[in-house]
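Below are the chains, spelled out letter by letter.
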Amino acid sequence: MGVRKFDTKVQHLKYKVLREVSREAWNDSLLENVLDIPQKIVPGKTSTMRCCVYKERAILAERVKIAMGGNADNSNVIEVIEIACDECPAAGYEVTASCRGCLAHRCEDVCKRGAISFDHNHVAYIDKSKCIECGQCAKVCPYSAIVNRKRPCQAACKVKAIAINEDNAASIDNNKCIACGACVYQCPFGAITDKSFILKAIDLIKKSEHGKNYKLYAVVAPSISSQFSYAKLGQVITGLKTMGFHTVVEAALGADMVAMKEAKELAERGFITSSCCPAFVAYIRSAFPDLVPLISHNRSPMVEIAKYIKETDPNAKTIFIGPCTAKKAEAQLEEVKPYVDAVLTFEELQALFDSRDIDITTLEEGVLDNASYYGRIFARSGGVSDAIAQALKEQGLEDFALKAVSCDGIEECRVALLKKSKNVLNANFIEGMACVGGCIGGAGCLTHGEKNKAEVDKHGREALEKNISDAISLLNL
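This text gives an overview of the structure that appears in the document. Remember, predicted model here, so these are calculated numbers, not experimental data.

Reading the values: the criteria
Residues numbered from 1 in each chain as written. Predicted model: local features only at pLDDT ≥ 70, side-chain atom pairs only at ≥ 80, totals over all residues. Heavy atoms only, no water. Helix = DSSP H or I, 4+ residues; strand = E, 2+ residues; numbered from the N terminus. Pairing = 2+ DSSP bridges. Axes fitted to C-alpha atoms, helices over the stretch in contact; angles between N-to-C directions. Contact = heavy atoms within 4.5 Å. Expected span 1.5 Å × (residues − 1). Buried < 20%, exposed > 50% of the residue type's maximum accessible area, 1.4 Å probe, protein only. 1 Å grid on protein atoms, 1.4 Å probe; cavity = no way out; pocket = protein on both sides within 12 Å on 5 of 7 lines; lining within 4 Å. Points joined across faces, edges and corners; volume = space filled by probe spheres on them. Nonpolar A, V, L, I, M, F, W, Y, C, P; charged D, E, K, R; others polar. Parallel < 35°, antiparallel > 145°, perpendicular 65-115°, else oblique. Left-handed = near helix turned anticlockwise from the far one by under 90°. Salt bridge = Lys/Arg side-chain N within 4 Å of Asp/Glu carboxyl O. Phe/Tyr/Trp six-rings, centres within 6.5 Å; stacked < 30°, edge-to-face > 60°. Patch = residues over 30% accessible without salt bridge, like charges linked within 9 Å, V, L, I, M, F, W, Y side chains within 5 Å. Areas by Shrake-Rupley, 256 points an atom, 1.4 Å probe, with all protein chains shown as cover. Lys, Arg positive; Asp, Glu negative; His and termini not counted. Charge placed at Lys NZ, Arg CZ, Asp CG, Glu CD.

This part is about unusual backbone geometry. In this structure, Asp28 takes a positive phi of about 55° despite not being glycine. Tracing the sequence through the fold places Asp28 in the loop between helix H1 (9-26) and helix H2 (30-33). Phi is positive for Asp357, which is not a glycine, with a value near 55°.

What follows is the structure, given as structure tokens:
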């Protein structure tokens with residue numbers, strides 16, 4: 001069996017929970033054995049992860065709940081496990097051991113709230129009840145002895161959706177959260193995680209196997225080419241069919257369709273922002289509402305291809321498989337629900353394979369040849385802009401001078417959107433990717449890294465259809 005690779009031990013633990021939940025679900029024994037899952041994962045009496053085995057199992061029980069769908073009363077697909085969120089130090093400004101107790105007391109003088117005082121050793125102290133975290137004291141300290149300690153989740157969340165509640169646990173503002181999952185990947189204790197819809201996927205697979213009157217389609221994101229590094233992509237495709245999927249289709253084909261429509265829309269409207277990244281679209285809606293009319297009217301590639309599948313085969317069911325936690329949120333939108341029946345991440349797909357003891361390294365290689373080079377490179381930053389340029393050319397719209405700005409990560413998105421809001425952006429198309437690197441940096445990836453971009457580009461070059469129009473003309477599922 002191939003060697004599974006996970007970037008962190010947190011990912012590995014999450015995988016083990018998903019795998020055990022899935023095993024019980026396949027056997028129709030989940031409700032009967034759900035309470036035994038934490039003990040299966042931590043079987044002994046000594047915990048290597050927490051202060052005691054009992055607390056670790058209590059946390060694992062919460063992880064199991066989220067693997068089973070999480071809190072139904074919380075509309076967000078990102079959830080905090082409060083009992084697991086107690087190891088981080090209090091965030092904010094604090095005085096370190098570098099404080100020399102100098103005579104200048106610049107930190108005290110600059111603080112307008114009187115939050116800084118000195119002990120009998122002349123060492124500065126910050127009263128948290130008075131501090132407003134303006135940072136002026138840190139700026140004037142000649143020894144850089146005052147530092148701003150941010151929790152990893154807060155540092156990861158570039159849209160400032162995470163605060164610390166009265167219980168010293170992370171709290172997510174659902175009105176600001178864009179479900180990008182950056183906090184999920186960066187939390188060292190796995191205290192923030194994404195809800196799983198793996199049980200819904202298993203139910204869809206089981207019903208399709210039991211003769212229900214529908215075919216089940218797996219819609220795989222192009223970033224799959226950089227995942228499952230221990231096996232070949234063709235073996236992953238065969239593994240999906242072995243698990244019960246009737247057909248495997250590339251979301252990149254939806255990207256081809258979107259590229260053609262979006263290029264035409266851009267030429268007609270003169271300025272638009274891309275629609276492929278749901279976290280980017282959500283960010284515009286929450287942080288730049290005045291720019292909402294500029295969002296492309298086109299669906300995302302996931303929705304576009306799922307819609308095509310269901311129009312072609314009215315009895316079809318679709319499961320999207322990719323690197324993105326925000327796709328789970330997108331699938332909950334009323335306008336998307338008719339087309340996408342469930343969303344899985346690559347992490348969850350690995351758990352599904354292993355829950356059914358499918359060793360994909362032993363399988364023959366299937367073929368995935370549904371899209372063009374340009375549809376496949378949607379997976380990395382800059383790919384959408386390249387595809388739009390090609391789509392303009394193929395549709396005879398070269399007279400429109402494309403000025404694209406490719407935003408790699410939500411911080412770059414913020415800068416571009418801010419410039420546009422002030423009418424100082426020298427561009428007519430904003431390609432927004434919430435994750436650094438693009439989809440290959442998604443929180444649901446098995447692996448993250450620069451080599452993933454090379455794998456996506458290689459996958460693109462291997463496409464049989466080099467032009468977007470050629471790929472679309474062969475639509476026949």
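Another point: the sheet that holds strand E12 (residues 317-322). Pairing is parallel across the open sheet formed by 4 strands, whose spatial order is E10-E9-E12-E13. The open sheet is flanked by strand E10 (247-250) and strand E13 (342-345), the only strands paired with a single partner. Across the sheet, the axes of successive neighbouring strands diverge by a mean angle of 25°, strand direction being ignored. Note: strand E9 (residues 216-220) against E10, 4 bridges, orientation parallel. Looking across to E10, one finds that Val220 is bridged to Glu250. Sitting on the sheet, helix H11 (residues 251-269) touches E9, E10 and E12, and the angle it makes with E10 is about 40°. The sheet contacts of helix H15 (residues 346-355) involve E12 and E13, and relative to E13 the element is tilted by about 85°.

Below, the discussion takes up helix H4 (residues 53-67). The end-to-end C-alpha distance of H4 is 20 Å, a good match for the 21 Å that 15 residues give at a rise of 1.5 Å each. Val53, Lys55, Glu56, Arg57, Ile59, Leu60, Arg63, Val64, Ile66 and Ala67 are the residues of H4 that are buried. Contacts from the buried residues of H4 go to H1, helix H3 (37-41), strand E1 (78-80), strand E8 (192-194) and helix H9 (198-209). Two residues or fewer after H4 comes Gly69, characterised by a positive phi angle close to 125°.

On to empty space enclosed by the protein. A complete count under the given rule lists 6 cavities of 30 Å³ or more for this structure. Size it by volume and the largest cavity reaches roughly 290 Å³. For the lining of the largest cavity, the element with the highest residue contribution is H11, accounting for 3 residues. A breakdown of the residues in the lining of the largest cavity according to their chemical character gives 21 nonpolar, 3 polar and 1 charged. If you add up the space inside the second largest cavity, you get close to 240 Å³. When contributions to the lining of the second largest cavity are tallied by element, the ones reaching two or more residues are H1, H4, helix H8 (182-186), E8 and H15. Per-element tally for the lining of the second largest cavity: the top contributor is H1, with 6 residues.

Viewed as axis vectors pointing N to C, helix H12 (residues 278-287) and helix H18 (residues 410-421) meet at an angle of 45°, and their least axial separation amounts to 11 Å. When the interaxial angle is binned, H12 and H18 end up oblique. With respect to the hand of their crossing, H12 and H18 are arranged in right-handed fashion. Of H18, the residues touching H12 (which contributes Phe280, Tyr283 and Ile284) are Ile410, Cys413, Arg414 and Leu417. Across the contact of H12 with H18, the residue classes tally to 6 nonpolar, no polar and 1 charged.

Enumeration according to the criterion identifies 25 salt bridges in this entry. Here Asp203 makes a salt bridge to Lys207, at a shortest N to O gap of 3.2 Å. Here the residue Asp203 and the residue Lys207 both occupy positions in helix H9, the gap between them amounting to 4 residues, near one helical turn. What makes Lys207 partly exposed here is its relative accessible area of 36%. Via salt bridges that share partners, Lys14, Asp194, Lys328, Glu347 and Glu348 belong to a single interconnected network.

The next point concerns the packing of aromatic side chains. Taken as a whole and assessed by the stated rule, the structure comprises 4 aromatic pairs. Ring geometry for Phe228 against Phe353: centres 6.1 Å apart, planes inclined by 70°, an arrangement best described as edge-to-face. Of this pair, Phe228 sits in the loop between E9 and helix H10 (233-243) while Phe353 sits in helix H15; the two residues are 125 residues apart in sequence, bridging distant segments of the chain. For Phe228, a relative accessible area of 2% corresponds to the buried category. Among the residues examined, Phe353 registers a relative accessible area of 0% and is labelled buried.

Looking now at the packing of H1 against H9. One can describe the packing of H1 onto H9 by two numbers: an axis separation of 10 Å at closest approach and a directional angle of 35°. Note on packing geometry: the crossing formed by H1 with H9 is right-handed. Of the residues in H9, those in contact with Leu18, Val21, Ser22, Ala25 and Trp26 of H1 are Ile198, Leu199, Ile202, Ile205 and Lys206. Looking at the contact of H1 with H9 residue by residue, the classes come out as 8 nonpolar, 1 polar and 1 charged.

With that settled, the discussion passes to a positive patch on the surface. Positive charge collects at one region of the surface, where Lys150, Lys158, Lys160, Lys176 and Arg414 lie side by side. Along the chain, Lys150 falls in the loop between strand E5 (146-149) and helix H7 (152-156). Residue class for Lys150 comes out exposed when judged on its relative accessible area of 53%.

What follows deals with the sheet that holds strand E14 (residues 404-408). The 3 strands are arranged E11-E15-E14 in an open sheet whose pairing can be described as parallel. Lying at the two open borders of the sheet, with one neighbouring strand each, are strand E11 (272-273) and E14. Pairing geometry for E11 and strand E15 (residues 429-433), over 2 bridges, is parallel. Across the sheet, Ile272 pairs through a bridge with Phe429, a residue of E15.

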